[in-house]
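Spelled out from the first residue to the last, the chains are:
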Amino acid sequence: GPVAETFRVIQGAMTEENVRSTQGIFQFELSGDGGGTWYIDLKNKGGSTGFGKPPGTADVVMSMSSADFVKMFT
């Protein structure tokens, strides 16, 4: 779906420089189609994205609809 595709694109755009300069873990609590808990880890190793709880404590937690999430990143 669109949420999973957005996270795939974000993962593909990550660089070690992004991780080095950001140093944060972002957790998204999404409602609607493709919702659930997702994360963007810009703190550990080369960075990662995924479904479920992040691999560490989130520095930022955002709650929104999955449609708004997709709009925010496109």
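Residues numbered from 1 in each chain as written. Predicted model: local features only at pLDDT ≥ 70, side-chain atom pairs only at ≥ 80, totals over all residues. Heavy atoms only, no water.

Asker: Looking at this model, I keep getting lost on the sheet that holds strand β3 (residues 48-51). Mind explaining?
Answerer: In a beta sheet, neighbouring strands are held together by backbone hydrogen bonds and run either parallel or antiparallel to one another. The 4 strands are arranged β3-β2-β1-β4 in an open sheet whose pairing can be described as mixed. Single-partner strands in this sheet number two, and they are β3 and β4 (60-65). The average undirected angle you get between the axes of adjacent strands in this sheet is 15°. Note that strand β1 (residues 24-31) and β4 share 6 bridges and pair parallel. Within β4, the residue paired with Q27 across the bridge is V61. Contacts from helix α1 (residues 2-13) reach β1, β2 (36-42) and β3, with the element oriented near 5° to β2. (Pairing = 2+ DSSP bridges. Helix = DSSP H or I, 4+ residues; strand = E, 2+ residues; numbered from the N terminus. Axes fitted to C-alpha atoms, helices over the stretch in contact; angles between N-to-C directions. Contact = heavy atoms within 4.5 Å.)

Asker: Just to check I follow, could you spell out the packing of aromatic side chains for this structure?
Answerer: Each pair of aromatic rings is reported with the distance of its centres and the angle of its planes. If you walk through the whole model with that rule in mind, you get 7 aromatic pairs. When the centroid spacing of 4.8 Å and the interplanar angle of 10° are considered together, the rings of F7 and F69 count as stacked. On the criterion of sequence distance, the pair formed by F7 in helix α1 and F69 in helix α3 (residues 66-73) is long-range, its members being 62 residues apart. F69 matches F7 in its accessibility class, with the two residues each being buried. Ring geometry for F69 versus F73: centroids 4.8 Å apart, planes at 45°, classification tilted. One end of the pair is F69 and the other is F73, both in helix α3 and 4 residues apart, which spans about a single turn. (Phe/Tyr/Trp six-rings, centres within 6.5 Å; stacked < 30°, edge-to-face > 60°. Buried < 20%, exposed > 50% of the residue type's maximum accessible area, 1.4 Å probe, protein only.)

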